[in-house]
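For reference, the chains in residue letters:
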Amino acid sequence: MEQKKNDGILKWVLIIIAAFFLFIMVIMPLGMVVAGSFAMGFKYYIASITDKYTLKALSLTLRATIASVICTSVFGLMAAWAVTRYSFPGKKIIKSIIDIPVTISPVICGMIFLLLFGRQGFIYPLLDKVGIDVIFAVPGIIIVTVFVTLPMVFREIVPVLEARGTEEEEAAAMMGASGWTIFTKITFPSIKWPFIYGMILSASRAMGEFGAVSVISGHLRGLTNTLPLHVEILFNEFNTTEAFAVASILVMLSIALLILRLVLQYVSKRKISRMQKATA
Amino acid sequence: MKKRLLTVLSFILLSAVIITGCGLNRDAEGNTTAKRVTLINVSYDPTRELYEAYNSYFEKKWKKETGQTVEVIQSHGGSGKQALEVANGLKADVVTLALAADTNSVARSGLIASDWQSRLPDNSCPYYSTIVLLVRKGNPKNIKDWDDLTRSDVSVVTPNPKTSGGARWNYLAAYAYALKKYDNDESFAIEFMRKLYRNVSVLDSGARASTTSFTENGQGDVLICWENEAYLTLQNDGKDYELIYPSVSIKAETPVSVVDSVVKSHGTRKVAEAYLKDLYEKEAQEICAKNYYRPSDTAVLKEHSKQFPTDLEMVTIDDFGGWDKVTKKHFADGGIFDQIYE
Amino acid sequence: MERSTSKKIIPGFGLTFGITVAILGLLVILPLSYIVIYTLKLSPKEFFGVIFTRRVLTSFWISISTAFIAMLINTVMGILIAFVLVRYDFPGKKLMDGLIEIPFALPTAVAGISLTALYRENGALGRFFHHFGIPVAYSRFGIVIALTFVSIPYVIRSVQPVLQNLDPSIEEAASSMGASRFKTFRKVIFPEIEPAVFSGAALAFGRCLGEYGSVVFIAGNMPYKTEIVPLIIMSKLQEFSYSEASAIAFVMLIISFLILMISNIVASHNIKIKGGVS
């Protein structure tokens, strides 16, 4: 009894600490954004988020985000499988290299692509001849965004796969199951949620990426401005209200992601309970 | 096995299509004899309002004269960063940066002919500005001139000259005053600068960030800034600030240039040159003045002498021996600015 | 012994390994090698001349120390929040869960601007600290705040899935046998989530070390006081000194690579120990 009561107290103490921390560190800055975006009324807010340049920036951000999510998912599954299911020399080095894009400074990230695709890089004359713009154009923005989010899914899956071990897969393989069957029937169900978390994380990160994209975008209004860059530009124009309004689009997008996740969780729960009923 | 491979391949194909597919919508531009032509103007931060007004003026004018529709795409940012990007392949038809040093670095990378600054009148500066002091309403710290910025009770806001073009002008304006005060004795002048920069409370990376620190975030007693930036701030909240003209300042020349190799490949030389030349026309000069830039046309400048006091003593960059010399001496690694902070 | 044989048992090694290495090579290693190429343009003497100036070393110290503190805060808070989110039910739980990604989605510049507005002397939170004479914005404390904000999701999101997969019955058994809550956590839960904590913390640290967008707004950027390494790299770039910028970037890369290596080694070391016991 005593322990139970203590548990109740502990539970609420922990919840309050967590809530307090998130309130100060996340909700209050968020509140600044929301308050800022409505500072000049609802009409002005709507006008700023439906502005021509805002919509163009939004479309670019969405394209870069989708490309990132696809790349990080494919790469994450492949790499996580290779790294956790087999042992080979240099595994730890590969794992560490995979992590580099997340920890690398956005400034350095922008810089390396500037050096690689910029005019002093050896690729530039080649691209120039063919007439493809990479840097200061849409492809460059997408490449950089893919780069910074590359390990997101991998990071989420690996700890779970490592904790699970390989016994079940090995048994299935010995019974003659193909790699694809093993993956879809045994591995994937257990990593489904981390996989979805990873996709959501990478989508959020791709939407908000600022530093690296800023170095190689060129800030061409209506062409190479992503939403975060557009926000920065509006700030520099002293259009604080509009800037916050555009920033709030990003907040809404991440709320949309949250709702998507809740829906997915709900659907899968229903499926499980239906299956349980069917077996009963 | 096959099914698995197919799925994987289609995944990769899909992502490849998305990546390259996005690249395709760019090549419609190249055609310049067409009815539509695009100009890219890479500029620095505070010129946004100016070019917004001028672009619509020019687009109308060009349409009337040639029947061609021209769309000017703007890019704004810190002057040094913009120069870096153009030198690295940002396809700007014209550059309108904050100081000749930045245009020079683009020229040095081989994109602009080295005689660029003599191609247009007035050192290629259709407009220029100067450096002033912005203080809080009522001037509570009684700041009159550069001297007051070295007082121990004064806190100064100015951006970092290493990352901001405007900040270099700020620095040089103060340095010009110090040289004058100490009869060109450099060691005293450097000591003066050291005192001044010791009072700097926020050293932002760009001019606009400094303005925000001073206005929105209430940092410092005085902001060193462009004259046009000061007027813009006064226009937004005139009741909170006051503009102080120091006894000595600098003629902050903000030259413009066509980027030769880009206009060659885009086939846009004609329209790009007209775009810059027309900045010198009377109507365009009025637009400059309206946006608080000093017009190079002295007649237009005189009309606005209420806004732009003409009795202000202004040194020029040539008085310091030109940008190459100044950059090396003051702002390069280990230069005077670094020594100030040693 | 079992581990080494598993290579042959589960199919798909060639495909997955090949694609992993190909993508890594093109997208990560090739671009990164450029840093090395540009750094090698400097002689060793020049290289050390760039790194071992008081200004650069001080900024390294500022970056590393603030990143470390932010990482510590986020490790402790991250474990706590992940635990609360997985184990407890309470109203508003889903909202709390959804808040975690906000720091990613919010552009760092916006984060920097809003945090500065909050923590300046007369800001909503800055006023409180100002009361005690502690400046937050435009000091190292401000840098820590910005870094804490941008790296909130890492530890939470790497610990959460592991905690979810953990069987709560072991804990219940432990506590029913009379172990205190804290002891259960330390002995039963923590060893399980330790690898995830380490990898999340390492990522958070790396991210903090390199963060630029939000810090330049709140830091004040004073040389020797609040100037961070990425800012120095940025100014070197704007002076067109690519090799010097690369040299500093190179050192940064080595540091983050080392941290990741250490965390990976610690993590797999722990798994081995556990594997040996069971």
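Since the model is a prediction, treat every value here as computed from it, not as a measurement. Position labels on residues start from 1 in each chain and follow its written sequence. As they are written, the chains are lettered A onward and the ligands numbered 1 onward, keeping that order. Since the coordinates come from a predicted model, pLDDT governs what is reported: local features require at least 70, and pairs of side-chain atoms require 80 or more to be given and counted, while whole-chain, interface and lining totals use all residues.

**Here we look at the overall build of chain A**
- Every helix listed is a DSSP run of H or I at least four residues long, and every strand listed is a run of E at least two residues long, numbered separately from the N terminus. Looking only at helices and strands, chain A features 13 helices and zero strands.
- The secondary structure elements of chain A, listed N-terminal to C-terminal, are α-α-α-α-α-α-α-α-α-α-α-α-α.
- If one aligns the C-alpha atoms of chain A with their principal axes, the spans along those axes are about 60 × 55 × 35 Å.
- By the convention adopted here, residues are in contact when the distance between their C-beta atoms, placed from the backbone, does not exceed 7 Å. A fraction of 77% describes how many contacts in chain A between residues 6 or more apart in sequence connect residues 24 or more apart.

**A few points about the overall build of chain B**
- Scanning chain B from N- to C-terminus turns up 15 helices and 12 strands.
- Judged by the C-alpha coordinates and their principal axes, chain B covers about 75 × 60 × 40 Å.
- Exposed residues have 12 or fewer other C-beta atoms within 10 Å of their own C-beta, buried residues have 20 or more, and residues in between are partly exposed; the C-beta atoms are placed from the backbone. The 342 residues of chain B split such that 50% are buried.
- For chain B, contacts bridging at least 24 residues in sequence account for 73% of all contacts bridging at least 6.

**With respect to the sheet that holds strand β1 (residues 36-44) of chain B**
All names here are of chain B.
- The strand order β2-β1-β3-β10 describes an open sheet built from four strands, whose pairing is mixed. Since the sheet does not close on itself, it has two edges, and those belong to β2 (69-77) and β10 (256-258), each with one partner. Neighbour-to-neighbour, the strand axes of the sheet open up by a mean angle of 20°, direction not taken into account.
- Bridge count for β1 against strand β3 (residues 94-96) is three bridges, and the pairing is parallel. Opposite Asn-41, over in β3, you have Val-94 as the bridge partner. The pairing criterion for strands is at least two bridges between them, as found by DSSP. To get an axis, a line is fitted to the C-alpha atoms, and for a helix only the part in contact is used. The angle between two axes follows their N-to-C directions and goes from 0 to 180 degrees.

**Digging into the packing of helix α8 (residues 152-164) of chain A against helix α10 (residues 152-165) of chain C**
- Viewed as axis vectors pointing N to C, α8(A) and α10(C) meet at an angle of 30°, and their least axial separation amounts to 9 Å. Classed by the angle they form, the pair α8(A) and α10(C) counts as roughly parallel. Judged by the sense of rotation from one axis to the other, the crossing of α8(A) with α10(C) is right-handed. Each of A:Arg155, A:Glu156, A:Pro159, A:Val160 and A:Ala163 in α8(A) lies in contact with α10(C), whose residues at this interface are C:Arg157, C:Ser158, C:Pro161, C:Val162 and C:Asn165. For classification purposes, angles smaller than 35 degrees are called roughly parallel, those larger than 145 roughly antiparallel, those between 65 and 115 roughly perpendicular, and all remaining angles oblique. For any helix crossing, the convention is left-handed if the near helix is rotated counterclockwise from the far helix by under a right angle, and right-handed if that rotation is clockwise.

**Considering the pairing of β1(B)**
All names here are of chain B.
- The buried count for β1 comes to seven of nine residues, which makes it a mostly enclosed element.
- Sheet topology note: the β1/β2 ladder contains nine bridges and is parallel. Across the sheet, the residue bridging to Val-42 is Ser-75, located in β2.
- Running through helix α2 (residues 48-66), the crossover from β1 to the neighbouring parallel element β2 is right-handed. If you view a crossover with the strands going away from you and the path from the first strand over the helix to the second runs clockwise, you call it right-handed.

**Quick word on unusual backbone geometry**
- Positive phi is not limited to glycine here, since A:Phe136 has a value of about 60°.
- Following the sequence through the fold, A:Phe136 ends up in the loop between α6 (124-130) and α7 (138-149).
- Its identity is not glycine, yet B:Asn184 carries a phi of approximately 65°, on the positive side.
- Take B:Asn184: it is sitting in the loop between α6 (165-181) and α7 (186-198).
- Judged by the 10 C-beta atoms lying within 10 Å of it, B:Asn184 is exposed.

**Considerations on the interface of chain A and chain C**
- With 88 residues of chain A in contact, the opposing surface of chain C contributes 89 residues.
- Of all the elements, helix α1 (residues 2-37) of chain A adds the most residues to the side of chain A that touches chain C, at 19 residues.
- Each residue is assigned to one class: nonpolar for Ala, Val, Leu, Ile, Met, Phe, Trp, Tyr, Cys and Pro, charged for Asp, Glu, Lys and Arg, and polar for all the others, Gly among them. Looking at the side of chain A that touches chain C, its residues break down into 63 nonpolar, 12 polar and 13 charged.

**Some thoughts on the domain arrangement of chain A**
Residue and element names in this part refer to chain A.
- Split into domains, chain A comes out as domain 1 (1-37) and domain 2 (51-279).
- Where each domain starts and ends follows an automatic or database-derived domain assignment. Taking the mean C-alpha position of each, domain 1 and domain 2 sit 29 Å from one another.
- Domain 1 puts five residues into the contact, and the matching count from domain 2 is seven residues.
- Residues of the side of domain 1 that touches domain 2, tallied by class, amount to three nonpolar, two polar and no charged.

**Focus on the environment of C:Arg120**
- Along the chain, C:Arg120 falls in the loop between α7 (108-119) and α8 (126-131).
- On the basis of neighbour counts, which here come to 24 C-beta atoms within 10 Å, the residue C:Arg120 falls in the buried class.
- When the C-alpha positions of C:Arg120 and C:Gly142 are compared, they lie 9.1 Å apart, and in sequence the two are 22 residues distant.
- Residues within four places of C:Arg120 in sequence aside, it is in contact with B:Asn217, B:Gly218, C:Gly126 and C:Ala137.

**A few points about the domain arrangement of chain B**
Residues and elements named next belong to chain B.
- Domain boundaries assigned for chain B yield domain 1 (36-125 + 254-280) and domain 2 (128-252 + 312-340).
- Measuring from the centre of the C-alpha atoms in domain 1 to the corresponding centre in domain 2 gives 27 Å.
- At the level of secondary structure, the elements contributing two or more residues to the side of domain 1 that touches domain 2 comprise α3 (79-87) and α4 (100-108).
- Looking at the side of domain 1 that touches domain 2, the element that brings in the most residues is α4, giving four residues.

**Thoughts on the packing of helix α4 (residues 91-103) of chain A against helix α2 (residues 13-40) of chain C**
- Following both chains from N to C, one finds α4(A) and α2(C) inclined at 50°, their axes separated by 10 Å at the closest point. The angle between α4(A) and α2(C) falls in the class oblique. For the element pair α4(A) and α2(C), the recorded crossing hand is left-handed. Between α4(A) and α2(C), the residues in contact are A:Ile97, A:Ile98, A:Ile100 and A:Pro101 and C:Leu24, C:Val28 and C:Ile29, respectively.
- In the contact of α4(A) with α2(C), the residues fall into seven nonpolar, no polar and no charged.

**Let's talk about the nonpolar core**
- Throughout this description, the term nonpolar core refers to a group of buried Ala, Val, Leu, Ile, Met, Phe, Trp, Tyr and Cys residues whose C-beta atoms join them within 7 Å. Ranked by size, the top nonpolar core spans 275 residues in total, and within it A:Met111, B:Val259 and C:Ile233 carry the most contacts.
- Broken down by element, the residue count for this core peaks at 16 residues, all from helix α3 (residues 52-85) of chain A.

**As for the confidence of the model for chain B**
Residues and elements named next belong to chain B.
- Confidence per residue, as judged by the predictor, is encoded in pLDDT with a range of 0 to 100. With 90% of its residues at a pLDDT of at least 70, chain B reaches an overall mean of 88.
- Within chain B, β10 carries the highest mean pLDDT (97), whereas helix α1 (residues 2-24) carries the lowest (52).
- In this model, residues 17-31 is a region of pLDDT below 50 whose contacts with residues beyond four sequence positions or in other chains number 18 contacts.
- For this predicted complex, the interface confidence comes out at an ipTM of 0.85, alongside a pTM of 0.84.

**Section: α10(C)**
- Burial of α10(C) is extensive: 11 of the 14 residues sit out of reach of the surface.
- Residues C:Ile152, C:Pro153, C:Tyr154, C:Val155, C:Ile156, C:Arg157, C:Ser158, C:Val159, C:Gln160, C:Pro161 and C:Val162 constitute the buried set of α10(C).

**Looking at the interface of chain C and chain B**
- Contacts between the two partners involve 20 residues from chain C, matched on the other side by 18 residues from chain B.
- Of all the secondary-structure elements, those providing two or more residues to the side of chain C that touches chain B are α7, α13 (215-218) and α14 (229-238) of chain C.
- The biggest single contributor to the side of chain C that touches chain B is α14(C), with five residues.
- Here the side of chain C that touches chain B is composed, by residue class, of 12 nonpolar, six polar and two charged.

**Details of α7(C)**
- Between its first and last C-alpha atoms α7(C) spans 16 Å; for 12 residues at 1.5 Å apiece the expected length is 16 Å, and the two agree.
- Of the residues making up α7(C), those classed as buried are C:Thr108, C:Ala109, C:Val110, C:Ala111, C:Gly112, C:Ile113, C:Ser114, C:Leu115, C:Thr116, C:Ala117, C:Leu118 and C:Tyr119. Expected helix span is computed as 1.5 Å times (number of residues minus one).

**Overview of the environment of C:Pro31**
- Checked against the element boundaries, C:Pro31 lands in helix α2.
- Residue classification places C:Pro31 among the buried positions, given that 24 C-beta atoms sit within 10 Å.
- When residues no more than four places from it in sequence are discounted, the contact partners of C:Pro31 are A:Ile112, A:Phe113 and A:Leu116.

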